[in-house]
Amino acid sequence: MKSKWMETKAFAAVVIMASLAANAALVAEYDMTDGDMLNDSTGNGNVLIEYDATNTAGDGGVSLNAEGYASFTGAGYLAINRADVLETGTFTVSYWWRSSNLFGQGNFQGPSFSTEAGNTQDFQFTTIGSGVSGNLEVRDTAQLIKSDTELYPDSVWYNMIIQSAGGGTFDIWISAEDGSLTQVGDDVAASNGGLVLEDFIFGANRAKNYFGTFDLANVKVYDDATVGAASLLAEGPMLVPPPPTPDPIAVYDFGDGDLLNDSSGNGYALTGPSGTTASVTTNDDEFSAHFDGLTGSSYLMADLSADNSRLDAFTVSFWWKTDALDQDTSTSLM
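Just so it is clear, the model here is predicted, and its values are computed rather than measured. (Residues numbered from 1 in each chain as written. Predicted model: local features only at pLDDT ≥ 70, side-chain atom pairs only at ≥ 80, totals over all residues. Heavy atoms only, no water.)

## Overview of the overall build of the chain
As a reminder of what qualifies: Numbering of helices and strands starts at the N terminus; helices are DSSP runs of H or I of at least 4 residues and strands are runs of E of at least 2. It only takes one pair of heavy atoms within 4.5 Å for two residues to be counted as in contact. Calculation of accessible area relied on Shrake-Rupley with a 1.4 Å probe; when residues are assessed, cover is drawn exclusively from the protein chains displayed.
Helix and strand counts for the chain stand at two helices and 19 strands. Restricting to contacts in the chain with at least 6 residues of sequence separation, those with at least 24 account for 60%. Entry remark: accessible area of the chain is about 17,000 Å², with carbon and sulfur atoms responsible for 50%.

Structure below.
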C-alpha cells in the first residue's frame, strides 16, 4: 500500500493486576485478573475444576488470557467443585461473555451457563435448540423460554445476569458493555414450578454433551436476589488494564526545524554518515523526515548505549510511508 502512514512497534511487557470486589452476599467470585482462572477470590474455597469432553477432570481446552478472561475452545467446560453451597432457590449469577461466532456453533452452545441435568429444576442458557438462529434461550425440562433479543454482534462483551428470589420465577438481563441495562426476562416462570441453583457449569449444556466457544470474565455468584443489576453492569468485564505508557527516553518529532534534535531533553541526538543531511531532509508541513535514498549511504541513528547500558525491555514506535516499496534488495526501514 503506497503513501499511507503506518505505525510500527516493538515491545516487551506483561502486567498483571488484581481487582477484587467484596460483598458479604458473595458465594463465589472468579475475576481471573489474578493469573488464576480457577481460584475463588472470596476465600470460600469454591474453586472451579476444568473438565474435558468426556467429563473427566483435566484439559478441557480452556485457557487464561493475559487480559484477565477465560477462553473456551469448545472442547470442555468449567464447573464449581462444591455444589452443596449453591443448593438454593434464591440467587444472583452475573458474568461477562463474548463470542466471535456465537450462532455459527450449533444448537445448545454459546455462553452456556447450566445446572446439572436430571434434576427437576435444572436449566441452561445456550443458543436456541430448535434450529432458529439469532436467539438465546433459557431451557428447563418442560419448555423453551426464548429471549426476544436480536442477533448479538461478534466480539462484544455482554453482561448476563440471572436472578431468582424463589417461588419458581426468575429475571434475566443481557446488556452490552457501555450499553444500557437490558432486561429480557421479567418474572419468568419455570414450568416445573421451581428453579434451584444446584450446580454451576460454564461452557457446556446441562447434559454436558455440547460445548461452546466463547470468552468469560468477571463471574460472581450471590446467595440472595437483592444485588442491583445496574451495579453489576457498571463493573464491566474487569479486564487487566493496559500498562501505563512510560516517559520516552528519546523523541524525534522533526517539528522544530532540527532534523537531528532529541526533543525529550535526554540528549540522544541523531547522527549519520557524511552527506546524510543532504539526502535526509525535513518536511516542515508534515513534521517528518524524508529519505531520498539516492545520495550514497543515507541513514539516521541514535546511540542509546552511550552510558554503556543496554535496553533489554523496550518499546520503539515510528510512522512511515513510501511511494516505492519495490526498492533495491536489502533496503530497510529500521
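## Comments concerning the pattern of salt bridges
Definition in use: Salt bridge, as used here: a side-chain nitrogen of Lys or Arg that lies within 4 Å of a carboxyl oxygen of Asp or Glu. For every residue, the accessible area (1.4 Å probe, protein chains only) is compared with the maximum for its type, and the residue is labelled buried under 20%, exposed over 50%, or partly exposed between those bounds.
Evaluated as defined, the whole model comprises three salt bridges. Here K220 ties to E29 by a salt bridge, and the two come within 3.4 Å at their closest N and O atoms. With K220 in strand β16 (residues 213–222) and E29 in strand β2 (residues 26–30), this residue pair connects regions lying 191 residues apart in the sequence. The same class applies to K220 as to E29, namely buried. For D215, the salt bridge identified is with R98, shortest N-O distance 2.9 Å. Note that D215 is positioned in strand β16 and R98 in strand β7 (residues 90–98), a separation of 117 residues in sequence. Residue classification places D215 among the buried positions, given a relative accessible area of 14%.

## A closer look at the packing of aromatic side chains
Definition in use: Think of it this way: a Phe, Tyr or Trp ring, Trp meaning its six-membered ring, pairs with another when their centres are within 6.5 Å, and the plane angle makes it stacked under 30 degrees, edge-to-face over 60, tilted otherwise.
Enumeration over the complete set of coordinates arrives at six aromatic pairs. Relative to F202, the ring of Y95 has its centre 4.8 Å away and its plane inclined at 80°; by these criteria the two rings are edge-to-face. Residue Y95 is located in strand β7, and its partner F202 is located in strand β15 (residues 201–202); the two are separated by 107 residues in the primary sequence. The exposure classification of Y95 matches that of F202, with both residues buried. Measuring from ring centre to ring centre gives 5.4 Å for W97 and Y158, while their planes differ by 25°; the resulting arrangement is stacked.

## Re the side chain of N205
By the secondary structure assignment, N205 is in the loop between β15 and β16. On the basis of relative accessible area, N205 is assigned to the buried category, the value being 4%.

## Structural notes on unusual backbone geometry
Positive phi is not limited to glycine here, since M32 has a value of about 65°. By the element assignment, M32 lies in the loop between β2 and β3 (48–52). A relative accessible area of 1% means that M32 is categorised as buried. Of note, the phi angle at D178 is positive, near 65°, even though the residue is not glycine. In this structure, D178 sits in the loop between β13 (169–176) and β14 (183–189). For D178, a relative accessible area of 79% gives the class exposed.

## Section: the nonpolar core
In plain terms, the rule: The nonpolar core is taken to be a set of buried Ala, Val, Leu, Ile, Met, Phe, Trp, Tyr and Cys residues, with the residues joined through side-chain atoms within 4.5 Å.
Counting residues in each nonpolar core, the largest one holds 32 residues, and the members touching the most others are Y95, W97, I174 and F200. Elements supplying a minimum of two residues to this core: β2, β5 (69–73), β6 (76–80), β7, β12 (158–165), β13, β14 and β16.

## A word on the confidence of the model for the chain
We apply this condition: The pLDDT value tells you how sure the predictor is about a given residue, anywhere from 0 up to 100.
Mean pLDDT over the chain stands at 75; residues scoring 70 or higher make up 65%. Predicted confidence for residues 7–24 stays below pLDDT 50, and this span has 37 contacts to residues more than four positions away or in other chains.

## As for the environment of I80
Positionally, I80 belongs in strand β6. Sequence spacing of I80 and L48 is 32 residues, and the spatial spacing of their C-alpha atoms is 4.5 Å.

## Some words on the pairing of β5
Selection criterion: Should DSSP find at least two bridges between two strands, the strands are regarded as paired.
For β5, the tally of buried residues reaches four of five residues, placing the bulk of the element in the interior. As judged from the four bridges shared by strand β4 (residues 62–65) and β5, these two strands associate in the antiparallel manner. In the strand pairing of β5, N65 is matched with Y69. Connecting β4 to the next strand, β5, in antiparallel fashion are three residues, including G68 with a positive phi near 100°.

## Focus: the side chain of N46
Threshold: Any N or O atom pair separated by 3.5 Å or less is treated as a polar contact, with the protein-specific requirement of one donor-capable and one acceptor-capable atom, and with residues adjacent in sequence counted only for side-chain atom pairs.
Structurally, the position occupied by N46 is in the loop between β2 and β3. Here the side chain of N46 touches V27 through a polar contact of 2.8 Å, landing on its backbone oxygen.

## Quick look at the pairing of β13
β13 sits mainly inside the fold: six of its eight residues count as buried. Looking at chain direction, β12 and β13 are connected through six bridges and run antiparallel. The residue bridging Q163 from the neighbouring strand is D171, located in β13. What sits between β12 and β13 in their antiparallel hairpin is a turn of three residues, with G166 showing a positive phi close to 90°. In terms of strand pairing, β13 meets β14 through four bridges, oriented antiparallel. Looking across to β14, one finds that I172 is bridged to G185. Taken together, β13 and the strand that follows it, β14, pair antiparallel across an intervening segment of six residues, in which D178 is found at a positive phi of about 65°.

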